[in-house]
Amino acid sequence: PPPPSPPLPPPPSPPPPPSPPLLPPSPPPPPWPPPSSRANTIAHLNQRFRDGKPSASLAAAGVLVHQFDNLEDWGNGQPWRPCLSGWCNGLQNFLSASVINAQLPNLYRSKAGLVLSPVARVMCYYSFDGGTQGKRNGGGGERWGS
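The structure displayed is predicted, hence computed values, not measured ones.

Caption draft 1: Region of interest: the overall build of the protein. For the protein, the count of helices and strands is two helices and five strands. Along the chain direction, N to C, the helices and strands of the protein fall in the order α-α-β-β-β-β-β. Burial status across the protein gives 18% buried among its 146 residues. For the protein, long-range pairs separated by at least 24 residues make up 54% of all intrachain contacts whose partners lie at least 6 apart in sequence. With an accessible surface of roughly 11,500 Å², the protein has 63% of that area assigned to carbon and sulfur atoms.

Next up, the structure:
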């Protein structure tokens, strides 16, 4: 009789299960607006910047911008919202902003930021750095010098 066959090796172990992701996957970004819409938006912002003048109307005053100041909700991937996690959680429930136009072109700092809607709710305003960090609603309703 023929010699016995050598024993077969054991089957390979199944691969380990995949590790769970650290963060849930982000939803896909919204689609970009069509080029003509972007061009119209840019032209409109440029016109508001050029034509901005003192006014109670934010749209007539120029362009309302928020410059990133590390008090945004970066921890949750939403830098257009006030901080909700980390060291700055609870420091403020608002975003600081500046009105800029051709006569008032200076920015608070040279960082990137956001253009805000001219119908944004403004809770208070100052002609200087209002020192509002840690104050609810930007210190709106407080009186200076009292």
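Let us keep going from here.
Caption draft 2: Main features of the pairing of strand β3 (residues 78-82). When strand β2 (residues 72-73) meets β3, the two strands line up antiparallel, connected through two bridges. Paired with D73 across the bridge in β3 is Q78. Taken together, β2 and the strand that follows it, β3, pair antiparallel across an intervening segment of four residues, in which G77 is found at a positive phi of about 70°.

Caption draft 3: The arrangement of the packing of aromatic side chains in detail. Tallied over the full model, the rule gives one aromatic pair. Seen from their ring centres, F68 and W74 are 5.0 Å apart, and the 70° between their planes marks the pair as edge-to-face. Overall, W74 belongs to the partly exposed group, its relative accessible area being 46%.

Caption draft 4: Representation of the sheet that holds strand β4 (residues 98-100) within the structure. Within the open sheet, the three strands sit side by side as β4-β1-β5. Their pairing is antiparallel. Every interior strand has two partners, whereas the edge strands, β4 and β5 (113-116), have only one. Across this sheet, the average inter-strand angle for adjacent strands is 40°, counted without regard to direction. Direction of pairing for strand β1 (residues 63-67) relative to β5: antiparallel, over a ladder of four bridges. Bridge pairing links L64 to L116 in β5. Of the strands in this sheet, β1, β4 and β5 are in contact with helix α1 (residues 35-51), which crosses β1 at around 100°.

Caption draft 5: Representation of unusual backbone geometry within the structure. Even without being a glycine, N70 presents a positive backbone phi close to 70°. For N70, the location among the structural elements is in the loop between β1 and β2.

Caption draft 6: Spatial organisation of the side chain of R48. Summarising the element assignment, R48 is placed in helix α1. The side chain of R48 sits in the buried core without any salt bridge; D51 is the nearest counter-charge, 9.4 Å away. With residues near it in sequence (within four places) discarded, R48 still touches A59, G62, V63, L64, L116 and P118.

Caption draft 7: Quick look at the layout of surface pockets. Computed from the structure, the largest pocket encloses a volume of approximately 1,600 Å³. Lining the largest pocket are 46 residues, with S96, A97, S98, C124 and Y126 positioned closest to its centre. No other element matches β1, which puts four residues into the lining of the largest pocket. Of the residues that constitute the lining of the largest pocket, the class distribution is 22 nonpolar, 19 polar and five charged.

Caption draft 8: Seen up close, the state of the cysteines. The final tally for this structure, using the stated rule, is one disulfide. Covalently, C83 is tied to C88 through a disulfide, its sulfur atoms 2.0 Å apart. Measuring the twist about the S-S bond at about 85°, one finds the C83-C88 disulfide to be right-handed. Its relative accessible area of 3% is what places C83 among the buried residues.

What counts as what
- Residues numbered from 1 in each chain as written.
- Predicted model: local features only at pLDDT ≥ 70, side-chain atom pairs only at ≥ 80, totals over all residues.
- Heavy atoms only, no water.
- Helix = DSSP H or I, 4+ residues; strand = E, 2+ residues; numbered from the N terminus.
- Buried < 20%, exposed > 50% of the residue type's maximum accessible area, 1.4 Å probe, protein only.
- Contact = heavy atoms within 4.5 Å.
- Areas by Shrake-Rupley, 256 points an atom, 1.4 Å probe, with all protein chains shown as cover.
- Pairing = 2+ DSSP bridges.
- Phe/Tyr/Trp six-rings, centres within 6.5 Å; stacked < 30°, edge-to-face > 60°.
- Axes fitted to C-alpha atoms, helices over the stretch in contact; angles between N-to-C directions.
- Lys, Arg positive; Asp, Glu negative; His and termini not counted.
- Salt bridge = Lys/Arg side-chain N within 4 Å of Asp/Glu carboxyl O.
- 1 Å grid on protein atoms, 1.4 Å probe; cavity = no way out; pocket = protein on both sides within 12 Å on 5 of 7 lines; lining within 4 Å.
- Points joined across faces, edges and corners; volume = space filled by probe spheres on them.
- Nonpolar A, V, L, I, M, F, W, Y, C, P; charged D, E, K, R; others polar.
- Disulfide = S-S within 2.5 Å.

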